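Chains, contacts and geometry: an overview
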Amino acid sequence: MYNISGQLRLKTKSTNPMNDFEVVAPPDDAVSALKFSPAAVQQNYLIAGSWDSSVRCWEVEQTGKTLPRAIKTVGGCPVLDACWSDDGTKVFIAAENQVKIWDLLSDQTMQVAAHQAPVKTCHWIKGSKYACLMTGSWDKTIKFWDTRSSNPMLSLNLPERCYCADVDYPIAVVGTAGKNVVVYSLENTPTEFKRQEGLLKYQHRAIAVCRDKKQNPTGYAVGSIEGRVVLKYLNPLNPKDRLTFKCHRSAVSAASQDVYAINDMAFHPIHGTLVTVGSDGTFCFWDADACKRLKCSEKMNQSITKCSLNANGHIFAYALGYDWSKGYEYFSPTKKPQIFLRRCYEELNPRTA
Amino acid sequence: MGRKKKKASKPWCWYCNREFDDEKILVQHQKAKHFKCHICHKKLYTGPGLSIHCMQVHKETVDKVPNSLPNRSNIEIEIFGMDGIPAEDLREHERQKNGGKSDSDDEEPAAKKKVEIPLTAPPPMMMPPNMMPPHMMGQYAQYGMMPHMAPMPPFLGPGGIPMMPTHMMPPRPLFPAAMAAATTSAAAAAHAVAAVAQQKPTFPAYSNATISAPPTTNNPNITAPTTSSASASGEAPKSQVVTSTSGVTSKIMHPPEDLSLEELKARRLPLKINSNNLAASSSNRSNNSTPNTSAVTAYSTGLTSATSTSSITTNAANAAATAAAISKAQEVATMAAVVQAQAQAQAQAHAQAQVQAQVQAQVQAQVAQAQAHAVAVQQQQQHQQQQQQQQQKQFEDLNRVVMLQRIQQAQAAAAAVSRPGATAAAAAVGMVKHLSQNTASM
């Protein structure tokens, strides 16, 4: 039952067991990128890039109502990532081997980056001395672009294809195939700081930079396809520099369990708590420092492919869709992707949750 | 210091023998794994506490501690973290740890290796029960578990084998009599099985028998082999199966290829990176045609040799392309003409005519089949097999024909003069006409 004017509560519990606000007019294929607008923008805008080659933008009101504001299709190539510029006026769209900049005000797009293989991640870096776009690709390189020039400012090699990345100035982390993680320091100019191998025994799929109590980036969390998250601190105070926990698993019987991939993770900007979303169709809230699980959602009928927290940490967005975890055979065109919004400030507060 | 100090070892769980860095974590583990109510998932603090809770709240009895070793499943004994562990078990644990360190040759740390041997739940791997005794004896002598053999029956007696039935049932025990006799040793033997699997096997022959699916080669992530095969045999399986150290089988819901899900999904799209598949398969086809033509020429030249038929078989078996079928058809057609000419030129008596008819029919059938092949490109292999069989039959017949003809040549040499050439020619023409009509109607 779709109510055009917005505030949407589905009558059937099957697709929305958590009773969250559904975003209107979602994409037609799985969401590959989900991002809220940065703090510089007054209202909350949400963009979603999708395998249907589109990037959509909604305005999210305080009541939970979503208004479709814009849509941009990028000619037949699936969008693998999208991100905002720091002032919230432009959106970068990574589609196939290129990244385009989409000026929301003028609705124009222009190519700003290119790789030899599809671009998997794009992040805007706003540093103290410079600002640039960081793109990671399956061509095993990570490039930094001043959007005014067609040549990259800097191109660094990765040990393997880029699978996930996150930026929180002055740290950038990239997870690659072959279970590598590369950490970059972004001060002055991006330089490789550290390579870490074998944090997890299985393919890395999601990565996020975490902050300490003073809001300084202090480490990162990596999620794998084996339902496991490891939190690694860069400058650990005690010799124990990492925390590992298992998640997104469901016990089938006393001695067997189904293990699902972690598709995305995000740290709460205020509380520092962690959200993971998995292939099993659940999202979980964690207080990583205390090794505690704060909340686990009901299992939904589709995997959750992406998630995002807005700038002030009040809204949690998650996208349902088939993530290909069981191959092509399990793709069902009748199961449409959906995006939900949830009020999460209290649930992610480690003291009250 | 010469004297060995009894140092406080890392905290370990009495119920399942796992080791932990911290007692706090140990307590959390016990609460989550051993003192958790299976009905309402409430976490209690002790074993007796759990038993009382289930009785009072759910009116159900709990006779054994969940996820515990068979000899450690007594719910009456009150254990909290490291408190309450009987002194004998403490000593036993220390002994195992120290004894194991000397002959550890595995990647896993020695302590962990020791922990893995006695399992809470046996892995799904099954070993025929009659193999257990020799293992068990060897393993237990080695690890000093003998003293525990005696106390086991009383624990296992009332509840039977706690975990075993759930796992042994699917692969049904082959030797129920031996099973009954070896109830006490069964659980222990499962430990031995796991021990064998986890370490370098001391009885490689037996361990190979246990592990029905060898570790897959395409996916280095699998830590231990399991019976549910994750090897890429034919169809690519949709998930990986892993057996963890605690004996729990985990199935990872992810395709086993070492690619990200996005790469797998992108394969289905016409992106620039994936365009190499077609070239390879077409080159395969062209290669396959040449062996077949050579095989077919062998047909026409080596009519009598049995080896040629076998070589034909092998060559045809190798090829799978329609081009081959077409070229074969052409060759067969020319052969048929040749054969017919031979047959017609020497057709004399009824017996001869019958043989010729047979040959012609077979040849016609073969030509028809070959044409059908040329049309039906998809169903190559079955037709080819049939073709081979028929060709073989034909050759046997041809051989017979040739033999007969030779015999008759000798016979007809005497009677050759009386035959009018015209009738033979007319017969030949009639046959040709007949054949051409048949061919045209195909």
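If you're wondering where the values come from, they're calculated on a predicted model, not measured in any experiment. (Residues numbered from 1 in each chain as written. Chains lettered and ligands numbered in written order. Predicted model: local features only at pLDDT ≥ 70, side-chain atom pairs only at ≥ 80, totals over all residues. Heavy atoms only, no water.)

**Describing the overall build of chain B**
Condition: Only DSSP runs of H or I with at least four residues qualify as helices, and only runs of E with at least two residues qualify as strands; both kinds are numbered from the N terminus onward. Each residue's exposure class comes from its accessible area (1.4 Å probe, protein chains only) as a fraction of the maximum for that residue type: buried when under 20%, exposed when over 50%, partly exposed otherwise. Surface exposure here means Shrake-Rupley accessible area, sampled with a 1.4 Å probe, where a residue is shielded only by the protein chains that are shown.
Looking only at helices and strands, chain B features 17 helices and two strands. Considering chain B as a whole, with its 442 residues, one finds that 40% of them fall into the buried category. Here chain B displays about 23800 Å² of accessible surface, and carbon together with sulfur accounts for 59% of that area.

**Some points on the sheet that holds strand β29 (residues 315–320) of chain A**
This is how it is decided: Following DSSP output, two strands are said to pair if at least two bridges run between them.
What the four strands build is an open sheet, ordered β1-β30-β29-β28 (chain A); its pairing is antiparallel. The outermost strands of the open sheet, each flanked by one partner alone, are β1 (21–22) and β28 (304–309) of chain A.

**Remarks on the pairing of strand β10 (residues 119–126) of chain A**
Residues and elements named next belong to chain A. In terms of burial, β10 is a largely internal element, seven of the eight residues being buried. Two strands pair when backbone bridges link them, and β10 and strand β11 (residues 131–137) are joined in this way by seven bridges, in the antiparallel orientation. Across the sheet, Val 119 pairs through a bridge with Ser 137, a residue of β11. What sits between β10 and β11 in their antiparallel hairpin is a turn of four residues.

**Details of the environment of Asn 263 of chain A**
Our working definition: Contacts between residues were defined by any pair of non-hydrogen atoms, one from each residue, lying within 4.5 Å. Identification of polar contacts relies on pairs of N or O atoms within 3.5 Å, with a donor-acceptor requirement for protein atoms, meaning one able to donate a hydrogen and the other able to accept it, and with residues adjacent in sequence counted only if both atoms are side-chain atoms.
Locating Asn 263 of chain A in the fold gives a position in strand β24 (residues 262–267). Along the sequence, Asn 263 of chain A and Ile 207 of chain A sit 56 residues apart, while their C-alpha atoms lie 9.5 Å from each other. With sequence-adjacent residues up to four places away left out, Asn 263 of chain A is seen in contact with Arg 205, Ala 206, Val 277, Gly 278, Ser 279, Ser 303, Ile 304, Thr 305, Lys 306 and Asp 323 of chain A together with Leu 261 of chain B. At 2.9 Å, the side chain of Asn 263 of chain A forms a polar contact with the backbone oxygen of Ile 304 of chain A. Here Asp 323 of chain A takes part through its side chain, which lies 2.9 Å from a polar atom of the side chain of Asn 263 of chain A.

**A closer look at the sheet that holds strand β12 (residues 141–145) of chain A**
Residues and elements named next belong to chain A. Selection criterion: To get an axis, a line is fitted to the C-alpha atoms, and for a helix only the part in contact is used. The angle between two axes follows their N-to-C directions and goes from 0 to 180 degrees.
Pairing is antiparallel in the open sheet, where four strands are placed in the order β10-β11-β12-β13. Sheet topology places β10 and β13 (154–157) at the edges, where each strand pairs with a single neighbour. Between one strand axis and the next, the sheet turns by 20 degrees as a mean value, whatever way the strands run. Inspection of the sheet shows β12 paired to β13 by four bridges, in the antiparallel sense. Within β13, the position partnered with Lys 143 by the bridge is Ser 155.

**Topic: helix α1 (residues 23–33) of chain B**
Note the threshold: Note: the arc covers the axis-to-C-beta directions of the helix.
Considered for burial, the residues of α1 of chain B that qualify are Leu 26, Val 27, His 29 and Gln 30 of chain B. Within α1 of chain B, the buried residues cover an arc of 160 degrees as seen down the axis, which keeps them to one side.

**Focus: the side chain of Asp 81 of chain A**
Residue and element names in this part refer to chain A. Relative to the helices and strands, Asp 81 is located in strand β6 (residues 79–84). According to the relative accessible area criterion, Asp 81 is buried, its value standing at 7%. Within polar-contact distance, the side chain of Asp 81 engages the backbone nitrogen of Cys 122 at 2.8 Å. Apart from residues no more than four positions distant in its own chain, Asp 81 is found in contact with Ala 33, Lys 35, Phe 92, Ile 93, Ala 94, Lys 120, Thr 121, Cys 122 and His 123.

**Thoughts on unusual backbone geometry**
All names here are of chain A. With an omega of 5 degrees, the peptide bond running from Tyr 169 to Pro 170 counts as cis. One can find Pro 170 in the loop between β14 (162–168) and β15 (171–176). Of note, the phi angle at Asn 188 is positive, near 60 degrees, even though the residue is not glycine. Residue position: Asn 188 is located in the loop between β16 (180–185) and β17 (191–197).

**Examining the confidence of the model for chain A**
We apply this condition: Residue-level confidence of the predictor is what pLDDT reports, using numbers from 0 through 100.
In the predicted model, chain A carries a mean pLDDT of 89, and the fraction of residues at 70 or more is 96%. Note that residues 1–13 of chain A has pLDDT below 50 and, in this model, 23 contacts with residues that lie over four places away or in other chains.

**Quick notes on the environment of Glu 23 of chain B**
All names here are of chain B. Among the structural elements, Glu 23 can be located in helix α1. Expressed as a C-alpha distance, the spacing of Glu 23 and Phe 80, which sit 57 residues apart in the sequence, is 9.8 Å. Those residues in contact with Glu 23 that sit more than four places away from it in its chain are Pro 11, Phe 80, Gly 81 and Met 82. Only 3.1 Å separates the side chain of Glu 23 from the backbone nitrogen of Met 82, close enough to count as a polar contact.

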